[in-house]
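Spelled out from the first residue to the last, the chains are:
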Amino acid sequence: MSKPLLTILATACALALPALAHSRPLTLTAQLKNYGGDGAYLAAYLTDAKGAYVRTLWVAGGKAKYHKHLSDWSRLSAGDAKRLNGVTGASVGAGRTLKVTADLADALIDAGYEIRIDAAAEDMRDSPSEVRIPLSKANAGKPQAGKQYIQSATFQLQ
Amino acid sequence: MSWKAIHRWLGLTIGTLAVVLGITGAILAIDPVQQAWQAPAAPGNFPVATLVERVARSVPNAEEIRRLPSGAIVVFSFAGDQPQASYVDPADGHVLGAWQASALPRWVKNLHRSLLLGDAGRWGAAGTALTVGLLCVSALVLLLRRMGGWRRLAARVRGSLAQRIHVVTGRVVLAILCITSLTALTMSASTLGLVTLDPRTEPEVFSVVTGKPDMPGAQLTTLQNLQVQDLRKLSLPGATDPEDTWKVVAAQGQGWIDRTSGQMLAWQDAPLAQRIYDWAVVLHTGEAAWPWAVVLGLAGASVLLFWLSGVVIWWRARRQAPHIIGNTPMAQADVLIFVASEGGSTWGFAQTLQDAFVQGGHRVHTSALENFRTTAATRQVFVLAATYGEGQAPAHASHALEHIAKLNASAVPVTVLGFGDRQFPAFCAFAKALDQTLRAQGWPTLLPVECIHQQSGQQFARWGDALAQALGEPLVLEHVPRLPATVALTLVARQDYSGVTGQASAIMRFAWPAQGLDARLRGHGLARFAAGDLVGVVPPGSAVPRYYSLASGWEDGFVEICVRQMSGGLCSTHLLGLQMGDSISAFIRSNPGFALPRSRRPVLLIGAGTGVAPLAGFIRRNDRRSPMHLYFGGRDPARDFYFGPDIQRWLAEGRLATLQTAFSRVPDGGGYVQDALRRDAERVRDLVAQGAIVRVCGSRAMAQGVAEALDSVLAPLDWSVSALKAKERYAEDVF
């Protein structure tokens, strides 16, 4: 099976799941380093056990023309027409914190899913998959360091 | 709105923002210079494949290779978890040092691009760039007008220090600021989304997983065919993702390459908009060549200089502009005063007249003559008209006569008062022509036309008395003329001549006081001047200045004039009575039409008596040894050969090519200077045929005689004095 078709199938499943089970809110916090540049573009999204894109949680940074610098997210989510529906905000300044919430189906937790964050800042190096945190109960509340721009990223489940 | 008004108001208002952009731009220009210092540009005419091979040896985990516009190569990698970026020497791949994005604070760049106001600020910055472009266009128009066309664009600039800074800097920087503005607009258009650089989405391509090992970068055909100088960015396939591809961004476009087969998976040509944008960035930032960055930096900093000098020029012009205090709107005024003035002094008289009427309870409106009309409320109209040159109207009122000739007369009396100088044959000619036209149209008048000589306050007061009588109401005209600010000049040397008819004369040299930059900027004291300009001397007890041609320029370091005793002359008596160390109060007035243009063409100087003074000044400063030929006319070489010893020395030094003299009161003296010209007809024709520039200084009668002589001498060439004047090759300074 071709990869895009797989992705679409996986997305369809993931979107279908919340209807069957209870969902709970997830809070994602990302504390940025003082990297000495303009506000960072961030894309937080969910991938499944196979690394396929599931859904976008949040995109910080409103100018679509720069979204290609969030390269993993941009590439993986290319087939998702609804990827930006109501999930965009301003870019995040160096040293600042991004805090977003999303509703998440219970079934996604401890099922091999992963939260990924891509990051990019102007005139600086793109950082695809800056942070990858497996979506498990054990990982909730555990800060995870990023590669270039993110000091630490944490998710909380309620 | 005139170009001047556009230039002035854009400069004064949005110019402040332009200063911000200029200064921040100058600071940002430091980056490319520093970059060039850290990683000197290396030749880029070898394949990218070779570069990849060299980099792979020194930076094993390289993720991305960038070629900066400066030509420096930066390699991004990870050492363990730590992201690294290094300058690499493309010649052998060795690491030169760590790369820092920019040493300058980000807010400087953001201030420059968006005034720290986000997208709204970006529009503001783009608007400012557009304004700078408009300022450049209007500046060019004004510059051409001021200098007298393209060919004279490089000529010497006169005026106050602020004016010279503004014009001289403008000549140098105009083109660069124009480029900066155009490129800024190009960049803004894409940043603001007015132009989309590359509307296509990137293709979704993957390397085909075959299990075979990756093809080394050095063997990729695309990279072998691509020169380093065209490279922008090369992303190497990541170690963890077997489907990841090579991605190369070059001047020509961008492509994706399969990591195992080395096949080009997709290629997108760079669209035209992208290429234009790339050029704009290079031109605007100077990133590609540090010397250009230095030029841009200086141009940016000069914006502050422009703005400051522009504000000073505006402020001075505002202060000197006719400014009538207590003007009633025209529709409500019962007395209307219309003014035609070349130098501005007539406005002072208008103010005095207005004040006197207001004192008597009238409502008065004063305006320029071109606005001439009457309203239902008007009871009296006065026209105060100066005459310019040979009987012409002052420039601003050049069409006023035609305008008035078309109006229907009303019953309101119109009284004309002329201003002029009796030394000119067309004394008050314009005022008289106005009066004639008004009478011909049928306008009544209160008083016959009267002409004021040399701004005489007494004569004006007498006219006021006559007016008061005619009106049957008290009216006192006490006029104190407004003079330019004067400075005290101290007599440091004088050379006395006895004169032929017992009239004394002297060459007098004055020192001027040291002046601070501030005073010079604001145009106080003595502006920069050249030989041929005029010094206005105000004798004690008089408010009316007398003008003398300068025999020296700014570079000479002194003010020198040649003074002859006039019978009953207030000013000449004052000057000739001065002792060493005594001071006079004086100001400088430029005489641009008489100054010599910068050229190596021959110069024919014709002067008589004290009229030799400005010509001597020209010769003294003839450091370039242009061929100058002097015809000097006097009465007796023993008594009035002014500058005689100096002239002999200048001849020996080559500052003066030839000297012909004519002395009218000695036997075999050669008669008048025009006789000498007739005798030398052949040579004079030769000089004129070579393109000579002619300058004549002396009495009005002498100038007329010279013109007649030259007309007859030049007739065989089909040249005439008027034709030379039209070509700006002939100018007179007469008294």
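Residues numbered from 1 in each chain as written. Chains lettered and ligands numbered in written order. Predicted model: local features only at pLDDT ≥ 70, side-chain atom pairs only at ≥ 80, totals over all residues. Heavy atoms only, no water.

Some remarks on the overall build of chain B
Counting its regular elements, chain B contains 23 helices and 24 strands. Relative to its 735 residues, chain B shows a buried fraction of 49%. Sequence-distant contacts, at least 24 apart, represent 69% of the contacts inside chain B between residues at least 6 apart. For chain B, the computed accessible surface area is about 34,100 Å², with 57% contributed by carbon and sulfur atoms. (Helix = DSSP H or I, 4+ residues; strand = E, 2+ residues; numbered from the N terminus. Buried < 20%, exposed > 50% of the residue type's maximum accessible area, 1.4 Å probe, protein only. Contact = heavy atoms within 4.5 Å. Areas by Shrake-Rupley, 256 points an atom, 1.4 Å probe, with all protein chains shown as cover.)

Brief notes about the overall build of chain A
When helices and strands are tallied, chain A shows 2 helices and 8 strands. Ordered by position from the N terminus, the helices and strands of chain A form the series α-β-β-β-α-β-β-β-β-β. Expressed as a percentage of the 158 residues in chain A, the buried residues total 48%. Intrachain contacts of chain A at a sequence separation of at least 6 include 66% that bridge at least 24 residues. Carbon and sulfur atoms provide 54% of the accessible area of chain A, an area that totals close to 7,300 Å².

Regarding the interface of chain B and chain A
Each partner contributes to the interface: chain B provides 24 residues, whereas chain A provides 17 residues. In this assembly, chain B packs against chain A so that about 1,700 Å² is buried in total across both faces, 40% of it on carbon and sulfur atoms. Along the contact surface separating chain B from chain A lie 8 salt bridges. Ionic pairing is found between Arg113 of chain B and Asp38 of chain A, a salt bridge with its closest N-O pair at 3.7 Å. Put simply, chain B and chain A have 11 residue pairs in polar contact (both at pLDDT 80 or more) between them. Looking at which element gives the most residues to the side of chain B that touches chain A, the answer is helix H5 (residues 106-114) of chain B, with 4 residues. (Buried area = accessible area lost by both parts, 1.4 Å probe. Salt bridge = Lys/Arg side-chain N within 4 Å of Asp/Glu carboxyl O. Polar contact = N/O pair within 3.5 Å; in protein donor to acceptor, adjacent residues only side chain to side chain.)

Notes on the packing of helix H7 (residues 161-191) of chain B against helix H9 (residues 272-285) of chain B
Residue and element names in this part refer to chain B. Relative to each other, H7 and H9 sit at 135°, their axes nearing to 9 Å. Classified by the angle between their axes, H7 and H9 sit oblique to one another. Judged by the sense of rotation from one axis to the other, the crossing of H7 with H9 is left-handed. For the pair H7 and H9, the contacting residues are Ile179, Thr180, Thr183, Ala184, Thr186, Met187 and Ser190 in the first and Ile276, Tyr277, Ala280, Val281, Leu283 and His284 in the second. A breakdown of the residues in the contact of H7 with H9 according to their chemical character gives 8 nonpolar, 5 polar and no charged. (Axes fitted to C-alpha atoms, helices over the stretch in contact; angles between N-to-C directions. Parallel < 35°, antiparallel > 145°, perpendicular 65-115°, else oblique. Left-handed = near helix turned anticlockwise from the far one by under 90°. Nonpolar A, V, L, I, M, F, W, Y, C, P; charged D, E, K, R; others polar.)

Here's the deal with empty space enclosed by the protein
Residues and elements named next belong to chain B. For the structure on display, the rule yields 2 cavities of 30 Å³ or more. Here the second largest cavity defines a volume of roughly 30 Å³. Together, Ser345, Gly348, Phe349, Gln455, His479, Pro481 and Arg482 line the second largest cavity. Each residue belonging to the lining of the second largest cavity can be placed in one class, and the counts come to 2 nonpolar, 4 polar and 1 charged. (1 Å grid on protein atoms, 1.4 Å probe; cavity = no way out; pocket = protein on both sides within 12 Å on 5 of 7 lines; lining within 4 Å. Points joined across faces, edges and corners; volume = space filled by probe spheres on them.)

A look at the sheet that holds strand E12 (residues 414-420) of chain B
Residues and elements named next belong to chain B. What the 5 strands build is an open sheet, ordered E10-E9-E11-E12-E13; its pairing is parallel. This sheet does not close on itself; its edge strands, each paired only once, are strand E10 (364-368) and strand E13 (450-453). If you compare each strand with its neighbour and ignore which way they point, the axes differ by 20° on average. Lying on the sheet, helix H13 (residues 429-441) is in contact with strand E9 (335-340), strand E11 (380-386), E12 and E13; it crosses E12 at an angle near 165°. Packing against the sheet, helix H14 (residues 457-471) makes contact with E11, E12 and E13, and its axis sits at approximately 155° to E13. (Pairing = 2+ DSSP bridges.)

Examining the pattern of salt bridges
Opposite charge on two side chains permits them to pair, given that their charged atoms come into close proximity. Residue and element names in this part refer to chain B. Applying the stated criterion to the full structure yields 31 salt bridges over all chains. As a salt-bridge pair, Arg232 and Asp278 come within 2.9 Å of each other at their nearest N and O atoms. Of the two residues, Arg232 is situated in strand E5 (residues 231-235) and Asp278 in helix H9; the sequence distance between them amounts to 46 residues. One salt bridge connects Asp623 with Arg621, and the closest N-O pair in it is separated by 2.9 Å. Judged by relative accessible area, which is 34%, Arg621 ranks as partly exposed. Taken together, the shared-partner salt bridges in this structure form one network comprising Arg509, Asp556, Glu560, Arg620, Arg621, Asp623, Asp646, Arg649, Glu653 and Arg655.

Notes on the confidence of the model for chain A
Residues and elements named next belong to chain A. When pLDDT is averaged along chain A, the result is 85; 87% of the residues meet or exceed 70. Ranking the elements of chain A by mean pLDDT puts helix H1 (residues 3-20) last with 49 and strand E2 (residues 41-47) first with 96. In this model, residues 16-20 is a region of pLDDT below 50 whose contacts with residues beyond four sequence positions or in other chains number 2 contacts. (pLDDT = per-residue confidence, 0-100.)

Focus: the packing of helix H2 (residues 15-28) of chain B against helix H3 (residues 30-38) of chain B
Residues and elements named next belong to chain B. Contact geometry for H2 and H3: axes closest at 4 Å, N-to-C directions at 5°. Taken together, the axes of H2 and H3 lie roughly parallel to each other. Side by side, H2 and H3 meet where Ala26, Ile27 and Leu28 of the first sit next to Ile30, Asp31 and Pro32 of the second. A breakdown of the residues in the contact of H2 with H3 according to their chemical character gives 5 nonpolar, no polar and 1 charged.

A look at the environment of Leu407 of chain B
All names here are of chain B. Inspection of the secondary structure puts Leu407 in the loop between helix H12 (400-405) and E12. Taking relative accessible area as the criterion, Leu407 reaches 23% and is therefore assigned partly exposed. Sequence spacing of Leu407 and Arg373 is 34 residues, and the spatial spacing of their C-alpha atoms is 8.2 Å. Residue contacts for Leu407: discarding those within four places in its chain leaves Phe372 and Gln441.

Things to note about the pairing of strand E18 (residues 559-564) of chain B
Every other side chain in a regular strand lies on the same face of the sheet, so the side chains alternate between the two faces. Residues and elements named next belong to chain B. Most of E18 is tucked away: 5 of the 6 residues are buried. Pairing between strand E15 (residues 505-511) and E18: 6 bridges, direction antiparallel. The residue bridging Ser505 from the neighbouring strand is Arg564, located in E18.

Overview of the sheet that holds strand E4 (residues 95-98) of chain B
Residue and element names in this part refer to chain B. Taken together, 8 strands build an open sheet; the order of strands is E4-E3-E2-E1-E5-E6-E7-E8 and the sheet is antiparallel. Either end of the sheet is taken by a strand with one partner, and the two such strands are E4 and strand E8 (264-269). Across the sheet, the mean angle separating the axes of adjacent strands is 20° when strand polarity is ignored. Summarising the sheet, strand E1 (residues 62-67) and strand E2 (residues 73-79) pair through 5 bridges and their orientation is antiparallel.

Focus: unusual backbone geometry
Positive phi outside glycine occurs at Cys428 of chain B, with the angle close to 55°. Looking at where Cys428 of chain B falls in the secondary structure, it is placed in the loop between E12 and H13.

Considering the packing of aromatic side chains
The geometry of an aromatic ring pair is captured by the separation of the ring centres together with the interplanar angle, meaning the angle of the planes. Residues and elements named next belong to chain B. Summed over the entire model, instances satisfying the criterion amount to 20 aromatic pairs over all chains. Plain terms: the ring middles of Phe76 and Trp99 are 5.5 Å apart, the flat faces sit at 90° to each other, and that makes the pair edge-to-face. On the criterion of sequence distance, the pair formed by Phe76 in strand E2 and Trp99 in the loop between E4 and H5 is long-range, its members being 23 residues apart. Of the residues examined, Phe76 reaches a relative accessible area of 2% and is grouped as buried. For the pair Tyr547 and Phe587, a centre-to-centre distance of 5.9 Å together with 80° between the ring planes defines the contact as edge-to-face. Remark: Phe587 occurs in strand E19 (residues 583-589) and Tyr547 occurs in strand E17 (residues 546-549); sequence separation between them is 40 residues. (Phe/Tyr/Trp six-rings, centres within 6.5 Å; stacked < 30°, edge-to-face > 60°.)

Structural notes on the nonpolar core
Core analysis: the biggest nonpolar cluster contains 36 residues, and Leu42, Ile117 and Leu135 of chain A have the highest contact counts within it. Elements supplying a minimum of two residues to this core: strand E1 (23-32), E2, strand E3 (53-60), strand E5 (97-105), strand E6 (114-120), strand E7 (127-134) and strand E8 (150-157) of chain A. If one sorts the elements of this core by residue count, E5 of chain A sits on top with 5 residues. Not counting residues within four places of it along the chain, the set of residues in contact with Leu135 of chain A comprises Leu26, Leu46, Leu104, Leu108, Ile109, Asp110, Ala111, Tyr113, Glu114, Ile115 and Phe155 of chain A. Listed in part, the 27 residues of the second largest apolar core include Ala551, Cys562, Leu656 and Phe663 of chain B. (Core = buried A, V, L, I, M, F, W, Y, C linked by side-chain atoms within 4.5 Å.)

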